[in-house]
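What follows is the residue order along each chain.
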Amino acid sequence: MEKVGVHTRDIRFFSQKNQKMICVHSQAAKDYAKYLEDQPHIIGYETCELLRAERFQYVSPLNIRKEYWVKKWTTDFLLHYADGRTGVREVLDKQDLTKRADVEKLELSRRYWAGLDVSDWKVVITKEGVSQDDSIRTAGR
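Residues numbered from 1 in each chain as written. Predicted model: local features only at pLDDT ≥ 70, side-chain atom pairs only at ≥ 80, totals over all residues. Heavy atoms only, no water.

Visitor: I tried to follow the pattern of salt bridges on my own but got confused; where do I start?
Guide: According to the stated counting rule, one finds 11 salt bridges in the structure shown. The partner of Asp-10 in a salt bridge is Arg-12, and the shortest N-O contact between them spans 3.6 Å. The partly exposed category is assigned to Asp-10, whose relative accessible area is 42%. Owing to a relative accessible area of 56%, Arg-12 belongs among the exposed residues under this scheme. Residue Asp-83 pairs with Arg-85 through a salt bridge whose shortest N-O separation is 2.9 Å. On the basis of relative accessible area, Arg-85 is assigned to the partly exposed category, the value being 42%. One salt-bridge network, in which partners are shared between bridges, spans Arg-65, Arg-100 and Glu-104. (Salt bridge = Lys/Arg side-chain N within 4 Å of Asp/Glu carboxyl O. Buried < 20%, exposed > 50% of the residue type's maximum accessible area, 1.4 Å probe, protein only.)

Structure, rendered in C-alpha cells:
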C-alpha cells in the first residue's frame, strides 16, 4: 500500500491479461504482476487502486495513526478471479514487516477491503535483493 503523491519509480509494461499498459512502483510488484499473468484463475487485475476516503468512516481506526485517515492511499493489486471473486494483494519486503508504520498501513488496507466484502486479502512478502518469482511469498490474514 502506498501514499498517493509520493514520488516513486514508475515501471510500465504491457499486460497481455488486461490488454493495456500497467504501472507498478517496484521491481517486486512487477515480478508479482508477471506471476499473475501466468495464473489461469486470475482473469484480470488492477494496480495502484485508490482507496476512497469516503469509505474510511466505516473502517475501525483502532491502533492506526490519526494522520493515516487524512491521506490518500492505493492498494498494490486488486485481483479479479474467473469465478467472480475479488482479491487484494499488498506487496511488502520482508524487512519492512517489523516497521510499525508498514504494519498499520497493511491493517488499514485489510480493514478497508473487508468492509467491501473482500475476504481474499493477502500480503506478498518479498526478500530484498531477490528478483523474479523466487521472491514471491504470500501470507493470508
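Visitor: Whenever I open this one, the side chain of Ser-109 confuses me. Can you help?
Guide: Positionally, Ser-109 belongs in helix H2 (residues 100-114). By relative accessible area, which is 0% here, Ser-109 ends up buried. Here the side chain of Ser-109 touches Glu-90 through a polar contact of 2.6 Å, side chain to side chain. One polar contact links Ser-109 to Trp-121, side chain to side chain, over a distance of 3.0 Å. (Helix = DSSP H or I, 4+ residues; strand = E, 2+ residues; numbered from the N terminus. Polar contact = N/O pair within 3.5 Å; in protein donor to acceptor, adjacent residues only side chain to side chain.)

Visitor: How do you make sense of helix H1 (residues 27-37) when you look at a structure like this?
Guide: The set of residues buried in H1 consists of Ala-28, Ala-29, Asp-31, Tyr-32, Ala-33 and Leu-36. Check the buried side of H1 and you find it contacts strand S2 (11-15), strand S3 (20-24), strand S4 (42-50), strand S5 (73-81), strand S6 (86-93) and strand S7 (120-126). (Contact = heavy atoms within 4.5 Å.)

Visitor: Explanation requested: the state of the cysteines in the structure shown.
Guide: Disulfides are covalent bonds that connect the sulfur atoms of two cysteines. Applying the stated criterion to the full structure yields zero disulfides. No disulfide involves Cys-23; its nearest neighbouring cysteine sulfur is the one of Cys-48, lying 5.6 Å away. Using a relative accessible area of 14% as the deciding quantity, one classes Cys-23 as buried. Overall, Cys-48 belongs to the partly exposed group, its relative accessible area being 26%. (Disulfide = S-S within 2.5 Å.)

Visitor: Quick question: what am I supposed to make of the pairing of S5 here?
Guide: Two faces, one strand: in a regular strand the side chains alternate between the faces of the sheet. Most of S5 sits out of view: eight of its nine residues are buried. Strand direction decides the pairing type here: S4 and S5, joined by seven bridges, are antiparallel. Among the inter-strand pairings, Glu-49 is bridged to a residue of S5, identified as Thr-75. What sits between the antiparallel neighbours S5 and S6 is a turn of four residues, in which Gly-84 has the positive phi angle 95°. (Pairing = 2+ DSSP bridges.)

Visitor: Looking at this structure, I do not really get H2. What am I missing?
Guide: In an α-helix, one turn spans 3.6 residues, which is why side chains three or four residues apart end up on the same side. Over its 15 residues, H2 extends 21 Å from the first C-alpha to the last, a length consistent with the 21 Å expected when each residue adds 1.5 Å. Among all positions of H2, only Asp-102, Glu-104, Lys-105, Leu-106, Leu-108, Ser-109, Arg-111, Tyr-112 and Trp-113 are buried. Tucked into the core, H2 has its buried residues touching S4, S5, S6 and S7. (Expected span 1.5 Å × (residues − 1).)

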